[in-house]
Amino acid sequence: MMKAVKKFISAVLVLAMLLSGMSYTYSVQADTQEEQWKTNAVTVPAEGELVGAGYIDVEFDNSMEGYTYTVYLDGKPIYWIGDDIVRTDIGEEVTDQASIKTFTSEDQGKTEVYTTQVSKHEITVKATKGAEEVISDTRTFYVSKKGLALGGDMTDKIQLKQLNCSWYYNWAAEAFNNSVDEDVAHVPMMWGDGDDSKEAMANFNSTSNYILGFNEPDIDSQANMFFVDAIDTWKEYISPLNIRKVSPAPAAPNGSSAWLLDFMEGEYICRKPLEEDAWGLYSDYLDDASKKWVDGIGSDVDAVCLHYYMAMIDLDGLLKAVENLWNQYHKPIWITEISVFGVKGFGNDYSYDIPKKRAEMEQYIQQIVTNLDANPHVERYCWFAYDVDSANAIDNFNGSGATAMYEYATGRYTPLGKLYSRIGNPEGYRAVNIQDAPEFQWEDRVGADATYNLSDDTVTVTWNTSDLDVVRQEILIDEQIYDVENGGSIDASEWADGTHTLQFVVYGQEEKVLYDKTKKFEINRKNPTTPEQNTTSQESPTKAPIITPTPDNGPGNKPPKAKVTKPKQVKKLKGKNIKKHTVKLTWRKVTGAKKYQIQYALNRKFTKKVKSKKTTKVTIKIAKLSKKKKYYFRVRAINAAGKGKWSAIKQIKIKK
């Protein structure tokens, strides 16, 4: 009997010890899991990351089952009304309809927070199960509004992170994905409704939480879209994207764009007289028989966009435009292009070689950043930097060099670029310091000049390639190549009096174009002036009247442009079957061209299976071609004055 009792007591003790050990083990495992979760709970944004203001993606670990998760920004919960965050930064109030969003392990561990405060911020996550609460470690990140507008043809020699930009865009749906934009967020854009834009959107792949709408659709020289067509394109390509959407960017600079109002809020249209299936504004045609209302798409727009170019420095005008836009739509504002137009020899000459104008531009940039950072209605802004010599194929504003932040060809920063790098950064952020980076010097700029010599009727050409790794360079005058040494002269006896064009093209390894700019110069044999006035490729120093902007007139706010003529024929069309079913075409840039049209077909007369594409670049890839088929390609340049002649035809057989 005693043995049986002892056995029973022993069994009870063993069982008690086992149960106690299991409980202890489980408790240790639970504590370890919670500690690991606290350390790694927030996965996005990264610790110390610089992110753009506005809606900010937050990702977190919600894998612990049985817990409810809540996200906090700077120690405060995020209130929602339906699918919308209550944005207290811009004056929205937490009402009785607002609630705090919570998540379980069955939900996606992803949400948004919202702020326009240029500052350090913190994300924490609270996991709750019954009376138990676990608070994650704090994830610190920094918010900036500052960005840069940077096209692929502007430069590939800088690094956006050196300017401490939190974002950039390049008028394209795809990022650069190279050293230029490393570690800096790209915001994609659907530029317009052309075939190239639609193709890019059909293959859209971006990690951005925003997309920009069409580029200056209210003027002919840019996207040039009737608001009805813009709405249709938006609904087809942009609305289905599960990301935040920024409105199209009108050219009109004062915030009161009639085009944007029609796009956002709708308008009546009617059929155009004598034009089948063509529609226009009812107010222009007043055709009651065909009058119909088109709904606006403002409800699908998260922020509205502004471009602000003026022919003078005008901070008050910029701030007034922001106020106008806010009062019109009560939506956050993105200013995706800010700059100053200048014309040499005019009262608004903002050339780089005028120290006073550079100083004024530095003061302007400082004021812009200070005021826009402090304005809660502005989510983001970015500067448009002309090149130091203002030479470009976009417009005729050759006196805008003081806006330059770097020389396109070499990437050497100007004092304005170094200033932009060190301002607009949230306190505490470890900003990149480029103060010791090599600085641009006007005397060492990349470029070429042409000087007409009346005494012997020649043109002397000089150039400088600075520190570019040059393989060869080309000198073209009126699109004709000349074999001339640096400092050499060309016989001009058969050239007519008037304006001529010098083009300087510099090539690097593998025929990469490092620099391609044009300049105008004059030949005047009938009324020669002093050499200083007559021979340089710069504009005449004779003062012209000061150009002042006019009220909301789109491009009318800019100085008058030279008369536009049809572009010349595209030269040197080259092509190669580079990979499976794909051909890459390249051609020489045409002065004054705004875009290029590419046609390809299965016969030389372009009547068999003809297809067409458009691009603003001097290269394009044509995909989805048929193997073993022979294709014929041709290209022509287009601008506001019309279409140039087709290039010579390039024949390519698809071998791979």
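Residues numbered from 1 in each chain as written. Predicted model: local features only at pLDDT ≥ 70, side-chain atom pairs only at ≥ 80, totals over all residues. Heavy atoms only, no water.

Caption draft 1: Highlighting the sheet that holds strand β32 (residues 582-586). Strand order across the open sheet formed by 3 strands is β31-β32-β35, with antiparallel pairing between neighbours. Each of the sheet's edge strands pairs with one partner strand only, and the pair in question is β31 (574-579) and β35 (619-622). Between one strand axis and the next, the sheet turns by 20° as a mean value, whatever way the strands run. (Pairing = 2+ DSSP bridges. Helix = DSSP H or I, 4+ residues; strand = E, 2+ residues; numbered from the N terminus. Axes fitted to C-alpha atoms, helices over the stretch in contact; angles between N-to-C directions.)

Caption draft 2: Expanded view of the packing of aromatic side chains. Tallied over the entire structure, the rule returns 33 aromatic pairs. Summarising the aromatic geometry, the rings of F60 and Y69 are spaced 6.3 Å apart at their centres and angled 45° between planes, so their arrangement reads as tilted. This pair shows no difference in class: F60 is buried, exactly as Y69 is. Centre to centre, the rings of W234 and F263 are 5.4 Å apart; their planes meet at 70°, and the pair counts as edge-to-face. Placement of W234 in helix α3 (residues 227-238) and of F263 in helix α4 (residues 258-265) is noted, with a sequence separation of 29 residues between them. For the pair W234 and F263, one class covers both residues: buried. Cluster of aromatic residues (ring-pair linked, three or more members): W167, Y169, W171, Y210, Y309, W334, F341, F384, Y386 and F397. (Phe/Tyr/Trp six-rings, centres within 6.5 Å; stacked < 30°, edge-to-face > 60°. Buried < 20%, exposed > 50% of the residue type's maximum accessible area, 1.4 Å probe, protein only.)

Caption draft 3: Layout of the packing of α4 against helix α6 (residues 315-329). Packing of α4 against α6 brings their axes to within 12 Å, and their N-to-C directions diverge by 25°. When the axes of α4 and α6 are compared, the pair comes out roughly parallel. Remark: the crossing between α4 and α6 carries right-handed chirality. Touching L260, L261, M264 and E265 of α4 are L325, Q328 and Y329, all from α6. For the contact of α4 with α6, the residue count by class is 5 nonpolar, 1 polar and 1 charged. (Parallel < 35°, antiparallel > 145°, perpendicular 65-115°, else oblique. Left-handed = near helix turned anticlockwise from the far one by under 90°. Contact = heavy atoms within 4.5 Å. Nonpolar A, V, L, I, M, F, W, Y, C, P; charged D, E, K, R; others polar.)

All quantities given are derived from atomic positions and should not be read as evidence of function.
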